[in-house]
Every structure is written in structure tokens, then in C-alpha cells.
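# Structure assessment
Listed below, chain by chain, are the residues.
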Amino acid sequence: MSTDWIGSHRPRIDAFAKAAGKSRYIHDLKLPGMLYGKIKFSQYPHARIKQIDTSRAEKLSGVKAVLTAFNTPEIKIGFIQDNWVLKKDKVRQYRDEVAAVAAIDPDIAAEALELIHVEYEELPGLFSPAEALASGAPLIHETDPRGRPKNDNLLDLPWRFEHGDVHRAREESTFWVEDHFSTKATTHTCMGTAGCLAEFDLQNNLTIHCKTQIPYLAQKDFHQALTKMGLKGKNVRVQIPELGGSFGSGLDTHSYEFLAILLAHASGRPVKIVMNREEEFACLSPRQPTETIIAQGCDREGKLTFREIRMTLDNGAYTSWGATTPSVMMLPISSLYRVPNISYATQIVYTNNTYAQAMRGYGNPQATWALESNLDQLAEKASMDPYELRLRNRNHPHETTPMGLKITSCGFQECLEQVSEKLEWSAKRGSDRKKFRGVGMAALFHTGGGARVYRSDASGVILKIDDFGHVHVLTGGVEMGQGFVASLQLVTAQALGVSPENVHIIFGDTATCPWDVGTHASRGLFTAGNAVLLAAAKARDKIFQLAALHFASRVAANIKKKRKAGESVSDPECRTSYDPQDFELKNNEIFLREAPDDPLLRVSLEEILRQAHFREQGQMVVSEAFYDPENEMSDMKTGKGNISTAYIFGVHGLEVEVDTETGQVHILNYVAAHDVGRVISRQTLEGQFYGGIVQGLSYALCEEIKTSKGKMLNPNFLDYKIFSAADLDFPIHLECIETNDQAGPFGAKGVGEPGLVPVAPAVANAVYDAVGVRIKELPITPEKIRAGLKGD
Amino acid sequence: MRKNITFTLNGDRVSLEVASNTMLLELLRDHLSLTGTKEGCGHGECGACTVLVDGRNINSCLYPAFEVEGKEVITIEGLMGPQNELHTLQKSFAENGAVQCGFCTPGMILSAKALLEDNPKPDADAIRQGLAGNLCRCTGYVQILDAVQKAAQDFGIED
Ligand code: FES
Ligand code: FES
């Protein structure tokens, strides 16, 4: 039996139950007496609420609770607490919650919503940052969260980063290009829609089953709500069912979760709220739309000289954690390639659009879209091959970037070379290239070793071993489809010396699992994996101490037996004292390292555990670890700080053919090379990249939330197109470069988000190479290409 | 209006009363507790609710429960053997990395089964077309297409 689990092709353990249809998602949970909650959303994008009449809804048979801001405590939510669970004075977006009901079945709940009458006084709406920043624009929030009057629609979060002297560098640059790039709101479209189920016990302790990536931070938010409800000090237990995808949508707590809590408390019964697809599209938060003005320059030799970026983000009506995405955009902006002079400033603007939140890549895709598109423009201006320009300015191992990021392992060069080679870059750009065909590439830089976006970047694990040699690892991390469980299982098996079948990963319950700051920033395996290494080392120490006792008594018994039988006993056979350090644990068996074949000095893990438990003054093997990586929070003022312990690099390239009649982009070949540190679970890793790339292609080529005056026009999969299997008529070639990062568990770095990050600019660069049309606004649609071909 | 219907569900004869506006998805999930069939949209756009009716893959969210009268319905639960042995396709999905969050998986597998029954040796294009109605947000489809190809090649298809 192989004992090397790292990098194995072993199937994901959770895949079997899922393929059998046995996994339980929030949609599948049903409790006795459970009610169905439903939310009434605003009918206007911006309006004053004059009154809400719920009397008819309350009288409807089967309705058990009807809530508005007028009969519930005020509960504020969001990163800066500028949002309310139920709106009282004003609505600021179409998906604002004005009332909620709980009823014995979903149809009655829907009927009750129809019976609620809300009287509004419509206010002028602002649907773009430009409108919201125009002088004389009405205020979306009259006061800031602390109650101080506001006089504009800007969020008080002016992210900035300055390094060197951009002004001078621009003047001294031989070549520079400035342009404008933008991205639209797009949404997660998890196949399993959002939902939760809240219930109180008779002591008013809360259990909430919800779709979250931050169970412990959510726990804190729910505690605050309970305090507002007069239930201060009660217990909150967050349980996570199987998640049908998440992609960042679970990084905040959401109004619907608090509404389920309020309804459950008001009705005294469990209440479940599940979004239908239309609500999921229109009433959950998308990725931030951005407008970016960017300039980059280089010297005669093609060395980058400066980068200047001014970015405007459409925040929508309220503020989620997503408003901190500029802190992550700063990573590629400051540190993708060696750039000596950098200036970056953002403004985040309130509008009456739906409020935005985190999504896979956390701002990085929007930043990389501008950076890598503009870099190709610069290459053209400098008459350089874009590949050469990238190679010349690539990052190197063991260097510190202007942001203070300490790059350790760095496979950037190999990634570039692999993509160039596999794509046959020079040949495809050569003189006998085919008409309307082109190649493009783009690179990515992201956190790969945790990310200190909160004060803590820690993961806790508890590892316990039972009488039968089975190991349970309790983790605060969250499986949402990405393969966290499968990867952690292999890390545990390898670190401990047991087979993966004997390792069980338990997650998703704040009552039993230890604290973790959250599963985001591609940090899950990196931080929990490191915690497992620490806990496994402690467990092994204990096991070896128990084994030393065991072998001593076993050898003593053996000597006794032999002597009794009149056999002679040799000197080495008489050794009864062992140093725990001399043992090894592999394949669920403990043995003496220097005598691996001696059956007397070999014992199974389960036997050791059984003995430990059943002995007088027995012991158990339970170890814990709380791993907090050695990284730092970036300074709010300067933006500087080494926020991750390792960084991930990657390069994507593709060949396209553009149909000049229709404007259709046909992908012929896609190559993606990533520095992953080390492969842990091969299938999981590849799945993250394939999934990220295809999500990225969807983002690049088709996804867009279309709105008219703040109302979503395409809240369905027919009009909001994502890639289907039919679109996958080209090969995707993956290259995983192993740089064995010093800080990663077995050398691994985080890989959850990167696959998506550079896709859009790579496609745009390929389209430009094919037909000379530079698309500057996502998505890259046939209409835009046709317009570009016509010279519009 | 309510009506009695009788049909075969995963090999068993089922007889019950349903309302005229009940869709097959609701019947399976809410009345019969077969929650392996998923609802991703409720409007025939995502394929998460795919089941087989007389061997054909249909979106159960749009399929009136009335219409299964006298027909044979297979859900993901019905693919497994009596001792929970996974069907070739289920195994192939699980073993080839075709499952991430798993929400699309039951529907995807049933569409694949309908495809392979119709065309036991599909080429890559036929597989892509056969699964075009089943959206997956996690996998990027590559390992799904591979799993279906392998199920077709390596094992042949069983009932
Ligand atoms: S739920 Fe039936 S097609 Fe989406
Ligand atoms: S595995 Fe998540 S939607 Fe397909």
C-alpha cells in the first residue's frame, strides 16, 4: 500500500454521497413544525416608506408571523453597519426588505406577501457612480453609520497606495499608454440557491443552519442580533449543511438570515427561508462593477517604469465586506511584475443599484482585467512581444515588492515559459499565421498563504483518534464544493501516518468544531492544513509515548515467556526502554524505526488507543492546534504590509478565432500554468482550475447583470448566460508547477480563486491579436467586436 | 383538481393522489422525500431537476405530475443497487473528479444515462450536446465530460 498521499489521484471522499444524491443541502432540511419564510422586497429603487399595512396578511389562515421594521427591533448589518435587516424610513434598492412572513406552507407565505400594502413616496434614483457623484445629486444615505450628516454619495473608504514618483516616471518613460477599462456586475449563480433554517430551543438558544463561509464571524453577527432582540447571552450555534457552491457569497451575513431568526422567534417554530432562482439573481449581491483609468509605462528596454490607476467602484446601496476588495486589488496592482513607481486610488460610490459583495478573486479579476489588457497595449506601443515584456518584468523568488509583500516561492518564469511553449506562441504570432486567429496571454498574482484581512488569519483544528484507529479532524473551515475536505483528509493521512479511509473531516458546526476566521482568500487548505500538521505532530508524540510503554511491557512479557520455556534471551531482545523519538507511524502501524520488520515491535494504532483507554489512569489521544500564519495586516494609510505568507502566480494563454461576420469568439486552445506550491489532491486541484477558468470565460464572454433603473432585467439562466457543457468545444491544458513553498502544508499554496483571475484579459488580448479590436468593457460580446470591426 | 395517479418509481409501483398543478419535482421532493433530485431554477433552465421518464431525461420542475400516469420514473436514488452500490456513471463521476459541490450532479448523471442509452459510444461532441441542458457552476465541465466518456468506454452501460 502506498503511503504517499500527497499529490495522489485519489477520488474526493465527498463525491460518492453527492453522486448518489444523498448529500443534504439547505433545500433538503425539514424539521417538525417548520414554517416557510418569505420576504417582501421593495417596489422602487429609491423611495420613502410612508406606511406599511400588514393587517390583511396577518389575518390569512396559516400565517404565523408578519414582520416589518415597525414591530421588530432595529438590527443593522454589513461591514460598516449601514444596512438594516428591515427598512423603515427609506428603500435604496429594489431588493430592500420591507416585510417578512412565516407560514405553514410556501404558497400561503407568498399569498401573504401579496396582501401586504406598502405606501411609498418615490425619490429620484442614481444608477451609476457618475450620476451619484454629479453635483446636486440626492443623497442615498443622509447620514453615515454613526449618524453624522453626509454631503455626498461617497463611501468613507478611500483606498490608496503610493510608491515612488509616478509623475516623474511617466515623464521619463520612453513609452506609456493610458486607457479606460470597465467591468459589469456579475453574480455567483451557485447552483444551490441561498437559504437558511433558524430555530430556538425552549431556553431561547438559537441554532441556525446557513450557507456561510464564515461560521464564527456569522455567529458574532447573530449574537448581536439576539442582543437587540432582548436575548443577550443566549447561545448561537451555526451549522452548515452541504453547500451548493458559494464563491464568496457566504462571506457576509445577509438580511434573510436575520429575518429567519426574527420569524423563528416571533412564531416559536423553526423557520426556513430559501431563495428561488429569481430572488437569488435579483436579491443577492453581485461582484462589484468597476471603472478604471490606467496608465503603465516602460523604458526603451521594456522595463516597466510606472503604473497609475484610478478606480471607481459601484458599491450599490449598502456596504458589504466587498467594499474591502480594493485591499486585494492592491496585490496585483503593487506586485504583479516589478514596477518601481505606483499610484493607486479608489473611490467607492453609493448608488441605487443592488449592493455588491465578495466573489471569487475578491477584486483581483477586475484589477487584472485593466492591468493585463493595458500591458498588451504597452507592448504594442513599445513594439515588443507581449510575452517578452512579461518575461522581462516578471517577479523573482525571494524579493520584496513595493507593497512589502515578501515573495518566497515563485514559479512565474516557468508559468510564462510553459504557456508560451504549449500554445506555440511564437509560431502562432509568426508571419504565416492564419487569418482572424490570434493568441493572447495574461498573468495573475494572488495570496496563496492565507490573507490577513481580519486581525486574525487563524484556523483551529482538533484531532482525535478512537479505539478503532479512526481519526476525526474537527475543523472550522468550510467545504463548499472546492474540495477542502478531500485535501485536508490527505494532509492528515500523510502527516499522521494513517490511511485516508481512516481520516474523517468534520466541519460546519460551531458547537463542536474549533474556531476559524473563515474560508476565503484561497486560504482554507493552507491554514487548516498547517494546523493539522501541528496537531498531528502532537498526536504522534503522544502515540509514541504510549507505544514506548506498550513495547516495554510487551518485551518484558516476551522475555519472561522465553525464560520460562528455557530459551536464551539475547541482549538486544532485553531492551525495554524506548525513546518515543525512535518510533514511526505508517499505514496505521507503529514500529521501531531501526527494526521495521520486527513483529514484536510493531503494533496497530487501534491497539495502542484501546490500551490507552482501558488502562487504569488511562489516556486519550486528542490534540489541537491553532495556526495563525506569520503575515501582517496591511496598513490602512499606506496600504503596505505582507498580508500573506506565500503568493501564487499563474499565466493563462489561449488561441482564438474570431468570426468577423458575427463577432463570435471561438476558442481553439486554452493553456493555464500555475505555481501551486505542491499538489495535494490532484483531482481537487485540477477541478479548481478547470472550474475557475470556465467561470472566468463566462465572466469574459457572456455574464452581465442587465438593469434598467436599478431593476435586474435578466434574472434567469436564459438571459443571464453562463457557460454550459456545449461551450466546452476546445481543450484546456493545465500545467501545475511545484515550487514547494516553505510555509505551505507539504509545500502547497492556496488555489481556490486564481483560476478565474487572468481569464478575461487573456481573452481580450487574444481577440486583439486576431482582429485588432481592443475590447475595454466586459463582457466581450459579439456586438462589441462587430462594432469594433466597423470602427465604431 | 386532484387526481389519482399510478406509476413506477425506481422500480416500485406507486399510487397516490396529486393536485393538477403539482409538478413532478415537487411530488418527488416534497411528497415522496426523494431529495436527491434538486431544484436549481424551477423554470426548465438548469437541469438540476433532471429525472428519467420512460428513459428520457426531462426537467421535472416543468413536468406535470399527472403525466407520469402509467410511466416509469427513475431518479438518482433509483440508479443505485439494493446494497447502495453505485451505478457505473455515479462511480465514474465520483472517481474522475466530476463532482464538486454536487448540486448539479444527480441531474447531470441522469442526463448522461439517457445519452448513453441512446448512444452507447458517443463522441465528445455528442456528450457535450447531451449535457448542454445541465448547468454546473463549479467544475467547468472538463472532468464531467471525461467521466461520461470513461463510463461509456470502460464499463459499458448497465440498466
Ligand atoms: S430546476 Fe428544473 S430545470 Fe432548473
Ligand atoms: S458541482 Fe457544483 S454545480 Fe456542478
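Reading the values: rules and limits
Residues numbered from 1 in each chain as written. Chains lettered and ligands numbered in written order. Predicted model: local features only at pLDDT ≥ 70, side-chain atom pairs only at ≥ 80, totals over all residues. Heavy atoms only, no water. Axes fitted to C-alpha atoms, helices over the stretch in contact; angles between N-to-C directions. Helix = DSSP H or I, 4+ residues; strand = E, 2+ residues; numbered from the N terminus. Parallel < 35°, antiparallel > 145°, perpendicular 65-115°, else oblique. Contact = heavy atoms within 4.5 Å. Nonpolar A, V, L, I, M, F, W, Y, C, P; charged D, E, K, R; others polar. Pairing = 2+ DSSP bridges. Buried area = accessible area lost by both parts, 1.4 Å probe. Salt bridge = Lys/Arg side-chain N within 4 Å of Asp/Glu carboxyl O. Polar contact = N/O pair within 3.5 Å; in protein donor to acceptor, adjacent residues only side chain to side chain. pLDDT = per-residue confidence, 0-100. Phe/Tyr/Trp six-rings, centres within 6.5 Å; stacked < 30°, edge-to-face > 60°. Buried < 20%, exposed > 50% of the residue type's maximum accessible area, 1.4 Å probe, protein only. Lys NZ or Arg CZ within 6 Å of the ring centre and 35° of its normal. Domains from an automatic or database assignment.

### Topic: the packing of helix 10 (residues 364-381) of chain A against helix 11 (residues 386-393) of chain A
All names here are of chain A. Direction vectors running N to C along helix 10 and helix 11 enclose 110°, while the axes themselves pass 9 Å from each other. With respect to helix 11, the element helix 10 is oriented roughly perpendicular. When helix 10 is examined against helix 11, the residues E372, L375, D376 and A379 are found in contact with a partner set consisting of P386, L389 and R390. Of the residues belonging to the contact of helix 10 with helix 11, the class tally is four nonpolar, no polar and three charged.

### Focus on the sheet that holds strand 25 (residues 589-592) of chain A
Residue and element names in this part refer to chain A. If you walk across this open sheet you meet the three strands as 24-25-26, and the pairing is antiparallel. In this open sheet, the two edge strands, each paired with only one partner strand, are strand 24 (583-586) and strand 26 (602-604). In this sheet, adjacent strand axes meet at a mean angle of 20° when their direction is disregarded. Of the pairings in the sheet, the one linking strand 24 to strand 25 comprises four bridges and is antiparallel in character. Within strand 25, the residue paired with L585 across the bridge is I590. Against the sheet, helix 15 (residues 524-564) makes contact with strand 24, strand 25 and strand 26, and its axis sits at roughly 110° relative to strand 24, the strand it touches most. Against the sheet, helix 16 (residues 605-614) contacts strand 24, strand 25 and strand 26, and its axis sits at roughly 75° relative to strand 26.

### Concerning the interface of chain B and chain A
With 41 residues of chain B at the interface, the matching set in chain A holds 52 residues. For the pairing of chain B and chain A, the buried interface totals around 3600 Å² over both sides, and the portion due to carbon and sulfur atoms is 60%. The largest contributions to the chain B side of the interface with chain A come from B:Q100, B:F103 and B:R137, which together make up 22% of the buried area. Inspection of the chain B/chain A interface yields three salt bridges. When the shortest N-O distance is used, the salt bridge between B:R29 and A:D28 registers 2.8 Å. The tally of links from chain B across to chain A stands at 23 residue pairs in polar contact (both at pLDDT 80 or more). Counting only elements with at least two residues in the side of chain B that touches chain A, the list comes to helix 1 (24-31), helix 2 (88-95), helix 3 (105-118), helix 4 (124-130) and helix 5 (142-155) of chain B.

### A short note on the confidence of the model for chain B
In the predicted model, chain B carries a mean pLDDT of 95, and the fraction of residues at 70 or more is 96%. At the level of chain-chain contacts, confidence expressed as ipTM amounts to 0.97, with global pTM at 0.97.

### Considering the packing of aromatic side chains
Residues and elements named next belong to chain A. Here the structure, examined in full by the defined rule, presents 21 aromatic pairs over all chains. Where Y337 meets F412, the ring centres are 5.5 Å apart and the plane angle is 35°; that geometry is what we call tilted. Of this pair, Y337 sits in the loop between helix 9 (325-335) and strand 17 (341-350) while F412 sits in helix 12 (residues 412-423); the two residues are 75 residues apart in sequence, bridging distant segments of the chain. Classification of Y337 as buried rests on a relative accessible area of 1%. Measuring from ring centre to ring centre gives 6.1 Å for F544 and F583, while their planes differ by 40°; the resulting arrangement is tilted. Taken together, the positions of F544 in helix 15 and F583 in strand 24 put the pair 39 residues apart, joining distant regions of the chain. What links up through ring pairs into an aromatic cluster is the set Y337, F412, F445, Y647 and F649. Here the basic side chain of R170 rests over the ring of W176, its NZ or CZ set 4.6 Å away from the ring centre. Here the guanidinium or amino end of R774 rests over the ring plane of Y768, the centre of that ring lying 4.7 Å away.

### A short note on unusual backbone geometry
Residues and elements named next belong to chain A. Along the chain, L778 connects to P779 via a cis peptide bond; the corresponding omega equals -10°. In this fold, P779 is placed in the loop between helix 18 (759-771) and helix 19 (782-789). Phi angles above zero are rare outside glycine, and A521 is one such case at about 55°. Assignment of secondary structure puts A521 in the loop between strand 23 (503-507) and helix 15.

### Overview of the domain arrangement of chain B
Residues and elements named next belong to chain B. When its domains are assigned, chain B resolves into domain 1 (2-79) and domain 2 (88-154). The straight-line distance from the C-alpha centre of domain 1 to that of domain 2 is 21 Å. With 17 residues of domain 1 in contact, the opposing surface of domain 2 contributes 13 residues. Of the roughly 1200 Å² buried between domain 1 and domain 2 on both sides combined, carbon and sulfur atoms contribute 65%. Inspection of the region where domain 1 meets domain 2 yields zero salt bridges. Across the domain 1-domain 2 interface, the total number found is five residue pairs in polar contact (both at pLDDT 80 or more). For the side of domain 1 that touches domain 2, the element with the most residues is strand 3 (residues 50-53), which contributes three residues. Residue classes in the side of domain 1 that touches domain 2 are distributed as seven nonpolar, seven polar and three charged.

### Considering the side chain of A:H46
Residues and elements named next belong to chain A. Among the structural elements, H46 can be located in the loop between strand 1 (35-41) and strand 2 (47-53). Look at H46 and you get buried, because its relative accessible area is 1%. Reaching out from H46, the side chain makes a polar contact with the side chain of K90 at a distance of 2.8 Å. With residues near it in sequence (within four places) discarded, H46 still touches K90, V91, R92, E122, L123, P124, G125, L139, I140 and N352.

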